Amino acid sequence: MKPSTQPLIVFAGGESGGHLHPGLAVAAELQMLVPESEFLFLCSAREVDRLILTAAAGVNPRISWFPVAGARGASGIFRAAEPLRLGLECLQAIWRLHKRRPTAVLGLGSRASVAGCLAARILGLPLILLETNVVPGAATKVLSRFAQLCLTGLPVAAAAAGELRCPVLPTGVPVRRVISALHAELYLTEPARPRLLVLGGSQGARSVNRLVLEALKTGGVRGPVLPNDWEIVHQAGESDLESVREQYLRLGLGVRVESYLADIASELRAATLVVSRAGAGTLAELACGRRPAVLLPLATAAGGHQRRNAEYFAAAGAAVLVEAGAAGMTDAAAAVWLSGLLRDLSRDADRRQQMSVAAARLAVPDASATAAAAVLRNAAGQI
């Protein structure tokens, strides 16, 4: 292998913002520590990867990316041919990494991380894993056999940690500095104009959209779900954008509906209450922003990890969990439950403040710096 003229850190993984954003946060910290570093993301072919990484590379020219894993959701013959697909992806990753010897490879989890991490193992490169969820994913469990270290975000249960075959270092979930700075900035204050912020995430936005809209329709004889002075900002996803806007208009509500909210720090700063999925990255941002939340975990998330993440926040008093799609819970029943929660929480500032305090206690604002320092320690012999 040719030695790198500049330190190169490779990030393997993708398929969602929840996998990519923590990696980008670590990359930003690494660049502060080693300014000449370059960063290569070996990701999936999903559109969300392209959008996130193209935007990141536009801001930081030291970031490049290349899809080595196919888009998720293949079926039929593609499932049967999975070993062949993985083998071809691994060869492609080896070719990419062999051109320059990276200082370290950081696995971000998901099926998309496997090829890059196996390539690191084959080439004898330092391999570190980042597992942000309460329940480690299947890829993390398998790849831990080859890794030097696994960095963990939300606290991993003892039984689950026992399935990891490498040393574990709790760091917290890495978030960007513009988000972590909210923890010191916001304290216990609420914005002057009360606002509900609805976040569907990079996956599962359609069911969140449907449930929130149904909940807002169920005011009935009790009057509007939210007080009249409340605003709503709703991240609906590209495919549902126009439909969600039309439904809000039919409800007579003037709502700002966007396909994607790029400046999430500003949105959290202006939010009074948040309705959200329960990915680890989103929860870490809510904790740094000290924002109370109603959580709608994605029922189909691998290993039920979003539900377990949400349970951790709910047990701490930082959020309320609504298990739409759980056994015995119909969508109609979940909408009624959500409607009642929104009505009560929007009128109970004391409870929101208690949830805000609880969320702040779960925040780890320096997680990105801790993770970056761990990466450098494991790559110290090559930088």
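An account of the accompanying structure is given in this report.

Some words on the pairing of strand S4 (residues 104-107)
Regular strands have side chains that alternate between both faces of the sheet.
Part 1: Residues Ala104 and Leu106 point to one face of S4 and Val105 and Gly107 to the other, with burial holding for every one of them.
Part 2: As judged from the four bridges shared by strand S1 (residues 8-12) and S4, these two strands associate in the parallel manner. Looking at S4, one finds that Val10 is bridged to Val105.
Part 3: Once the chain exits S4 it traverses helix H5 (residues 114-123) before rejoining the sheet at strand S5 (residues 127-131), and the crossover so formed is right-handed.

So, the nonpolar core
Part 1: Counting 35 residues, the largest nonpolar core has Leu197, Val274, Leu295 and Phe313 as its most contacted members.
Part 2: With six residues, helix H13 (residues 280-288) is the largest single contributor of residues to this core.
Part 3: Each residue touching Phe313, except ones within four places of it in the same chain, is listed here: Leu154, Leu283, Ala287, Leu295, Ala318, Ala319 and Leu362.
Part 4: With 31 residues, the next largest nonpolar core counts Ile232, Val294, Leu341 and Leu342 among its residues.

Considerations on the packing of helix H10 (residues 205-217) against helix H11 (residues 241-250)
Part 1: At a minimum axis distance of 11 Å, the contact between H10 and H11 shows a crossing angle of 0°. When the axes of H10 and H11 are compared, the pair comes out roughly parallel. When H10 is examined against H11, the residues Asn209, Val212, Leu213, Leu216 and Lys217 are found in contact with a partner set consisting of Val244, Gln247 and Tyr248.
Part 2: By residue class, the composition of the contact of H10 with H11 is five nonpolar, two polar and one charged.

Comments concerning the sheet that holds strand S10 (residues 256-258)
Part 1: Strand order in the open sheet formed by six strands is S10-S9-S8-S11-S12-S13, and the pairing between neighbours is parallel. Both edges of this open sheet fall to S10 and strand S13 (319-321), since each of them pairs with a single strand only. In this sheet, neighbouring strand axes are inclined to one another by 15° on average, regardless of whether the strands run parallel or antiparallel.
Part 2: Bridge count for strand S12 (residues 293-295) against S13 is three bridges, and the pairing is parallel. Bridging from a neighbouring strand, Leu295 pairs with Leu321 of S13.
Part 3: Set on the sheet, H11 makes contact with strand S9 (231-235) and S10; between it and S10 the angle comes to about 165°.

About the criteria used
Residues numbered from 1 in each chain as written. Predicted model: local features only at pLDDT ≥ 70, side-chain atom pairs only at ≥ 80, totals over all residues. Heavy atoms only, no water. Buried < 20%, exposed > 50% of the residue type's maximum accessible area, 1.4 Å probe, protein only. Helix = DSSP H or I, 4+ residues; strand = E, 2+ residues; numbered from the N terminus. Pairing = 2+ DSSP bridges. Right-handed = clockwise from strand over helix to strand, strands pointing away. Core = buried A, V, L, I, M, F, W, Y, C linked by side-chain atoms within 4.5 Å. Contact = heavy atoms within 4.5 Å. Axes fitted to C-alpha atoms, helices over the stretch in contact; angles between N-to-C directions. Parallel < 35°, antiparallel > 145°, perpendicular 65-115°, else oblique. Nonpolar A, V, L, I, M, F, W, Y, C, P; charged D, E, K, R; others polar.

By themselves, these figures tell us nothing about what the structure is for.
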